[in-house]
Amino acid sequence: TAGFSVVTYTGNGVDGATVGHGLGVTPKWFFIKARGAVTNWTSYHQPLGNGAGLHINTTGGSDTNSGFFNNTSPNSTTFTLGSGSTVNTNGGTYVAYCFAEVAGYSKFGSYTGNGSADGPFIYTGFRPKYLMIKRITNTDNWNISDTSRDPYNIVGNELYANLSNAESTSQARYDILSNGFKIRTGGSSFNGSSNDYIYAAFAEFPF
């Protein structure tokens, strides 16, 4: 009911292999990590499509590679793998963390920047408690904010999923609103002109 599952599997190195995710609905976001090898954390996010992925531990932009998900979108029961080493080496063991949207609780989407301090408004249908944003057009960090560290607007305290850095407090980024968030910077990490971004948001007060 929370739209979240954790699954483990053993790879077979075959394009088109499928793994059950147990959500009962199609996941919008999932990420995979090899348990017995040094590899990237490979992530599927619906706006990227099924032919590309992102690596949560790096700053890289969208990585087009059929070896991740075999150019096949997930469905309500399974996700599909290519034969890439980060997701499906023969005999390799993996863990996958899978998320589906739950109205009033979680939202996974995308937006396009306009390069202005009067940036886009992104509707989530709830006030976000936790928000992670990643630029996919070019390299950039996985930026994490929340309303415990930033109870008032404009939100400016930031951590990075891909870095060991201390918290950044260097600039204002966006407003957290009752039904979404509003970008308040023209900086490239959040709002570069014509740059594309993905986000994951979880609610302050789930409905």
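Basis of the calculations
Residues numbered from 1 in each chain as written. Predicted model: local features only at pLDDT ≥ 70, side-chain atom pairs only at ≥ 80, totals over all residues. Heavy atoms only, no water. Helix = DSSP H or I, 4+ residues; strand = E, 2+ residues; numbered from the N terminus. Rg over C-alpha atoms; globule rule 2.2 N^0.38 Å. Buried < 20%, exposed > 50% of the residue type's maximum accessible area, 1.4 Å probe, protein only. Contact = heavy atoms within 4.5 Å. Areas by Shrake-Rupley, 256 points an atom, 1.4 Å probe, with all protein chains shown as cover. Lys, Arg positive; Asp, Glu negative; His and termini not counted. Charge placed at Lys NZ, Arg CZ, Asp CG, Glu CD. Pairing = 2+ DSSP bridges. 1 Å grid on protein atoms, 1.4 Å probe; cavity = no way out; pocket = protein on both sides within 12 Å on 5 of 7 lines; lining within 4 Å. Points joined across faces, edges and corners; volume = space filled by probe spheres on them. Nonpolar A, V, L, I, M, F, W, Y, C, P; charged D, E, K, R; others polar. Core = buried A, V, L, I, M, F, W, Y, C linked by side-chain atoms within 4.5 Å.

*Asks:* How should the overall build of the protein be read in this particular structure?
*Replies:* Within the protein, the regular secondary structure consists of 3 helices and 16 strands. The C-alpha radius of gyration of the protein comes to 17 Å, within 12% of the 17 Å expected for a compact globule of 207 residues. Projected onto the principal axes, the alpha-carbon positions of the protein cover approximately 50 × 35 × 30 Å. Taken across its 207 residues, the protein has 51% of its residues classed as buried. Within the protein, contacts between residues separated by at least 24 positions form 61% of all contacts whose residues are at least 6 apart in sequence. Accessible surface for the protein amounts to roughly 8,900 Å². Of this, 49% is attributable to carbon and sulfur atoms. Both charge centroids of the protein, one from 12 positive and one from 12 negative side chains, sit 3 Å from each other.

*Asks:* Any chance you could explain the pairing of strand β11 (residues 128-135) here in plain terms?
*Replies:* Across a regular strand the side chains alternate sides, sitting on one face of the sheet and then on the other. In terms of burial, β11 is largely enclosed, as 6 of its 8 residues are buried. Where β11 meets strand β16 (residues 196-203), 7 bridges bridge the pair, whose relative direction is antiparallel. Bridge pairing links Y130 to F202 in β16. Examined bridge by bridge, β11 and strand β12 (residues 142-146) share 5 bridges and lie antiparallel to one another. Within the sheet, the bridge partner assigned to M132 lies in β12 and is I144. Taking the residues that link successive antiparallel strands as the turn, the β11-β12 hairpin has 6 residues.

*Asks:* For this particular structure, what's the right way to read empty space enclosed by the protein?
*Replies:* Gaps left between atoms are located by rolling a probe of water-molecule size over the structure's atoms. Taken as a whole and judged by the stated rule, the model has 1 cavity of 30 Å³ or more. Considering only enclosed or pocket space, the largest cavity measures out at about 40 Å³ in volume. As for the largest cavity, its lining consists of W29, H45, M132, I133, K134, W142, I198, Y199 and A200. Residues that form the lining of the largest cavity fall into these classes: 7 nonpolar, 1 polar and 1 charged.

*Asks:* Looking at this structure, how should I read the nonpolar core?
*Replies:* Note that soluble globular proteins tend to have their nonpolar side chains buried in a common cluster. In this structure, Y9, F30, I32, F79, L81, A96 and C98 are the most contacted members of the largest nonpolar core, which totals 17 residues. Only β1 (4-10), β3 (29-34), α1 (66-69), β7 (78-81) and β8 (93-99) provide two or more residues apiece to this core. Among residues more than four places away in sequence, those in contact with I32 are Y9, N40, W41, T42, F69, F79, L81, T86, V87, Y94, V95 and A96. Grouped together as the second largest cluster of nonpolar side chains are 15 residues, I176, F181, Y199 and A201 included.

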